[in-house]
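# Working through the structure, step by step
Listed below, chain by chain, are the residues.
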Amino acid sequence: CGAPCWNNITPGETTWNNAVTILEDDTALENVQTQQDEGTSAVVAEFQGVGGSPCCQMFSETGETVSLIFLRLAPDTTVGEIIETHGEPAYAIGSEFAEDQAIVNLLYPDIQTVVYAFTAGISVDLTEDSEIVGVLFMQPHDMELLIQTSNLHAWEGFGPYQAYAVTNEEFEVTPEVTLTPTPEG
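Residues numbered from 1 in each chain as written. Predicted model: local features only at pLDDT ≥ 70, side-chain atom pairs only at ≥ 80, totals over all residues. Heavy atoms only, no water.

## Considering the confidence of the model for the protein
Where the model shows low pLDDT, its predicted coordinates should not be examined in detail. Just so we agree on the cut-off: Within a predicted model, pLDDT stands for the predictor's per-residue confidence, ranging from 0 to 100. Helix numbers and strand numbers start at the N terminus; a helix is a DSSP run of H or I with at least 4 residues, a strand a run of E with at least 2.
Model confidence for the protein is summarised by a mean pLDDT of 91, while 95% of its residues fall at 70 or above. Within the protein, strand β5 (residues 91–98) has the poorest average pLDDT of any element, 91, and helix α1 (residues 16–25) the best, 97.

Below, the structure written as structure tokens:
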């Protein structure tokens, strides 16, 4: 299946129980562990590839249907390959983790996917050879909410990390909606 579907699991469509069964039955995965939030219906499953380290999560807000899937990936795919397969992203936003480590989030609203591209620091260009280190598949209304509540840069092609940095305040998209925390009762 294609994004936002992974391993025959599609956020917003696949039931939680069916998705957990798919994970447990997949011989390429191991250590599938689920946890329920005691105060809500939310549930999460964590898992990993056989012989790997914990890398991945699947989440359901309601406990009924999968809401999102996050996969941390080995750097085997490049931004150029993602663009060749899915076209150019609509938006990008970069976050620095250390002077020599930064991530540019590439947003694909049409396929409810965020791709995480690595750059070796904030003074490095995002190129077609930049490695993909993660992917987030989500249900359509969560992608809409992400776009409505975020500062984002329009995708303008490869170039300096700084063009997409969160510290570059020349955003093409700014929040339309501000989320207000609600007291838990």
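Moving on from the coordinates now.
## Considerations on helix α2 (residues 79–86)
Because the α-helix completes a turn every 3.6 residues, residues three or four places apart line up on one side. Note the following rule: Think of it in three bands: residues with accessible area under 20% of the maximum for their type are buried, residues over 50% are exposed, and the middle band is partly exposed, with areas taken using a 1.4 Å probe on protein chains only. Arc definition: it is the arc formed by the directions from the helix axis to the C-beta atoms.
Taken together, the buried positions of α2 are Val79, Ile82 and Ile83. In a view along the axis of α2, the buried residues occupy a sector of 95°, so they form one face of it. Looking at α2, the residues exposed on the side facing more than 90 degrees away from the buried face are Glu84 and Thr85. One or two steps after α2, the chain reaches Gly87, where phi turns positive at roughly 85°.

## A word on the layout of surface pockets
Any empty space left between the atoms is revealed when a probe the size of a water molecule rolls over them. Spelled out, the test is: Buriedness of a pocket was judged along seven lines, with at least five required to meet protein on both sides within 12 Å; pockets are open sets of points on a 1 Å grid over the protein atoms alone, cavities are sets where a 1.4 Å probe fits but cannot get out, and lining residues have an atom within 4 Å of a point. Grid points are joined across faces, edges and corners, and a volume is the space filled by probe spheres set on the points. Ten residue types, Ala, Val, Leu, Ile, Met, Phe, Trp, Tyr, Cys and Pro, are classed as nonpolar, four, Asp, Glu, Lys and Arg, as charged, and the remainder, Gly among them, as polar.
The computed volume of the largest pocket comes to approximately 190 Å³. The wall of the largest pocket is formed by 15 residues, among which Leu73, Ile82, His86, Val135 and Phe137 lie closest to the centre. Put simply, the parts of the chain that give the lining of the largest pocket at least two residues each are α2, β7 (113–119) and β9 (132–138). By residue number, the principal contributor to the lining of the largest pocket is β9, which donates three residues. When the residues that make up the lining of the largest pocket are grouped by side-chain class, the tally is twelve nonpolar, three polar and no charged.

## Observations regarding the environment of Glu30
Where we set the bar: Contacts between residues were defined by any pair of non-hydrogen atoms, one from each residue, lying within 4.5 Å. As used in this structure description, the phrase polar contact means that two N or O atoms lie within 3.5 Å; if the pair is within protein, one of them must be able to donate a hydrogen and the other to accept it, and residues adjacent in sequence are counted only when both atoms belong to side chains.
In this structure, Glu30 sits in strand β1 (residues 29–36). The exposure class assigned to Glu30 is partly exposed, which follows from its relative accessible area of 29%. Setting aside anything within four residues of it in sequence, one finds Glu30 in contact with Phe47, Gln48, Gly49, Val50, Gly51 and Gly52. At a separation of 2.9 Å, a polar atom in the side chain of Glu30 contacts the main-chain amide nitrogen of Gly51.

## Here's the deal with unusual backbone geometry
Following Ala3, the chain continues to Pro4 via a peptide bond in cis, the omega torsion being 10°. Secondary-structure assignment places Pro4 in the segment before α1. A positive phi angle, near 65°, is found at Asn8, a position not held by glycine. Among the secondary structure elements, Asn8 is positioned in the segment before α1. For Asn8, a relative accessible area of 57% translates into the label exposed. Although it is not a glycine, Asn31 adopts a positive phi angle of roughly 60°. Mapped onto the elements, Asn31 comes out in strand β1.

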